[in-house]
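Next come the chains, spelled out residue by residue.
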Amino acid sequence: MEMVTLTIDGEKVQVPKGTTILEAARKIGKKIPTLCFLKEINEIGACRMCVVEVKGARALQASCVYPVSEGMEVFTNTPAVRESRKITLELLLSDHNLECPTCIRNLNCELQKLAEELGIKSIHFEGEKHRSIYDDFSPSIVRDTSKCVLCRRCVSTCHKVQGVGVISPNHRGFETMVAPVFDMSLADVACVNCGQCILACPVGALKEKDDTDRVWKALADPEKHVIVQIAPAVRVS
Ligand code: FES
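Residues numbered from 1 in each chain as written. Predicted model: local features only at pLDDT ≥ 70, side-chain atom pairs only at ≥ 80, totals over all residues. Heavy atoms only, no water.

### Comments concerning the overall build of the protein
Okay, so step 1: Regarding its fold elements, the protein presents 6 helices and 10 strands.
Okay, so step 2: Each principal axis of the C-alpha atoms in the protein carries an extent, and together these give about 70 × 40 × 30 Å.
Okay, so step 3: Here the protein holds 237 residues, and the buried ones make up 44% of them.
Okay, so step 4: When contacts within the protein are restricted to residue pairs at least 6 apart in sequence, long-range pairs at least 24 apart make up 57% of them. (Helix = DSSP H or I, 4+ residues; strand = E, 2+ residues; numbered from the N terminus. Buried < 20%, exposed > 50% of the residue type's maximum accessible area, 1.4 Å probe, protein only. Contact = heavy atoms within 4.5 Å.)

Written as C-alpha cells, this is what we have:
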C-alpha cells in the first residue's frame, strides 16, 4: 500500500494514499469539528464546518473530502479557520428553528454542541427563514424542516444504507429542502418506516412519532394541523 507523509499542526503523520485530511488528523488525535460527515455514508463536503488551512492552497479546504498528499502541511486551528467555522455556524443558526428548550434533541444535538464548542454567544446575522414543512402524517416519523441543516445524512442513509431512497434535496439555493419527491408527505411515498434517517440526523429535523405532539399542534393551530389519530387518553373537543 502506498503511504503518504504529511504534517498536521507541525506533527508528522503517515497514512495510506487516498486518506482524507480529517481521517489523518483523527489518527493522531486531532479534533476537527464536523456536521455533515458520516463515515463511508455521507462524505460530500456540504457543511464546511471541518475546514482547515493547507499550505499553498488558495482557500480553506473541507478536510473531510480533501485527500492528503506527500509533504502536505495542514493547520487545523488558525484564526482564519476558527473565524470561518464560527461564521458558517452562525449562518446555519440564523436560519434554524431555535425552539431548542422544547426540541426532542435538546442537549443531544450536534448543532447545539458545536455552538457551545465554538463559543457562539450571539448570532450576528438576521434575515429571512427558509420555507419549512412540518410533516407528521407518517405513522412513525415526523419531519420538521425548520430544523434541518441540509447535511444530507438522512438522504445518504436512506439511499445507501437502506436502499430505499425516498428523500432527497428538492429545489435550489435558499429554497433547498430535504423531502420526498414533490415535497410529498413521507406517508405518501415508499418509506419503510425503518427510522434510520432519524438516527442519522444530527439535529431534531427527524424524530419518532409521538401522537401527543400532533394533538398539541392541532390545538394551537387547528387550520393547519388535522388530527387523524388521537392517543386513547387524550380528547380534543
Ligand atoms: Fe466536512 Fe461537513 S464535515 S464539509
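The rest of the description comes next.
### Points about the sheet that holds strand E7 (residues 141-144)
Okay, so step 1: The 3 strands lie next to each other as E6-E7-E10, forming an open sheet whose pairing is antiparallel. Taken across any chain shown, the strands that pair with only one partner, and hence form the sheet edges, are strand E6 (134-135) and strand E10 (206-208). (Pairing = 2+ DSSP bridges.)

### Let's talk about the sheet that holds strand E2 (residues 11-16)
Okay, so step 1: Spatial ordering of the open sheet is given by E2-E1-E5-E3-E4, a layout of 5 strands whose pairing is mixed. Only two strands of the sheet have a single neighbouring strand rather than two, namely E2 and strand E4 (61-62).
Okay, so step 2: The pairing of strand E3 (residues 51-54) with strand E5 (residues 73-75) spans 2 bridges and is classified as antiparallel. Each residue of the ladder has a partner; that of Glu53, found in E5, is Phe75.

### What about the domain arrangement of the protein?
Okay, so step 1: Each assigned domain of the protein is listed with its residue range as follows: domain 1 (3-84) and domain 2 (130-237).
Okay, so step 2: Listed by partner, the interface residues are 8 residues for domain 1 and 11 residues for domain 2.
Okay, so step 3: Taken over both partners, the interface formed by domain 1 and domain 2 buries close to 670 Å², and the fraction arising from carbon and sulfur atoms is 64%.
Okay, so step 4: Considering only the side of domain 1, the residues that lose the most area to domain 2 are Leu35, Leu38 and Ile41, jointly responsible for 63% of the buried surface there.
Okay, so step 5: Inspection of the domain 1/domain 2 interface yields 0 salt bridges.
Okay, so step 6: At the junction of domain 1 with domain 2, the criterion picks out 4 residue pairs in polar contact (both at pLDDT 80 or more).
Okay, so step 7: Split into classes, the residues belonging to the side of domain 1 that touches domain 2 amount to 7 nonpolar, 1 polar and no charged. (Domains from an automatic or database assignment. Buried area = accessible area lost by both parts, 1.4 Å probe. Salt bridge = Lys/Arg side-chain N within 4 Å of Asp/Glu carboxyl O. Polar contact = N/O pair within 3.5 Å; in protein donor to acceptor, adjacent residues only side chain to side chain. Nonpolar A, V, L, I, M, F, W, Y, C, P; charged D, E, K, R; others polar.)

### Structural notes on the pairing of strand E1 (residues 3-8)
Okay, so step 1: Across 6 bridges, the pairing between E1 and E2 is antiparallel. Opposite Thr7, over in E2, you have Lys12 as the bridge partner.
Okay, so step 2: Both E1 and E5 contribute to a ladder of 2 bridges, which runs parallel. The residue bridging Thr7 from the neighbouring strand is Glu73, located in E5.

### Focus on the nonpolar core
Okay, so step 1: Counting 29 residues, the largest nonpolar core has Leu89 and Leu111 as its most contacted members.
Okay, so step 2: Each of two domains, domain 1 (3-84) and domain 2 (130-237), supplies a minimum of three residues to this core.
Okay, so step 3: In this structure, Val13, Ile21, Val54 and Val74 belong to the second largest nonpolar core, which totals 19 residues. (Core = buried A, V, L, I, M, F, W, Y, C linked by side-chain atoms within 4.5 Å.)

### Comments concerning the side chain of Asp95
Okay, so step 1: Along the polypeptide, Asp95 turns up in the loop between helix H2 (79-94) and helix H3 (110-117).
Okay, so step 2: No salt bridge is formed by the buried Asp95. Its closest oppositely charged neighbour is Lys129, at 5.4 Å.
Okay, so step 3: Within the local environment of Asp95, its side chain forms a polar contact with the side chain of His130, the two groups lying 2.7 Å apart.
Okay, so step 4: Those residues in contact with Asp95, other than ones at most four positions away along the chain, are Glu128, Lys129, His130, Ser146 and Phe174. (Lys, Arg positive; Asp, Glu negative; His and termini not counted.)

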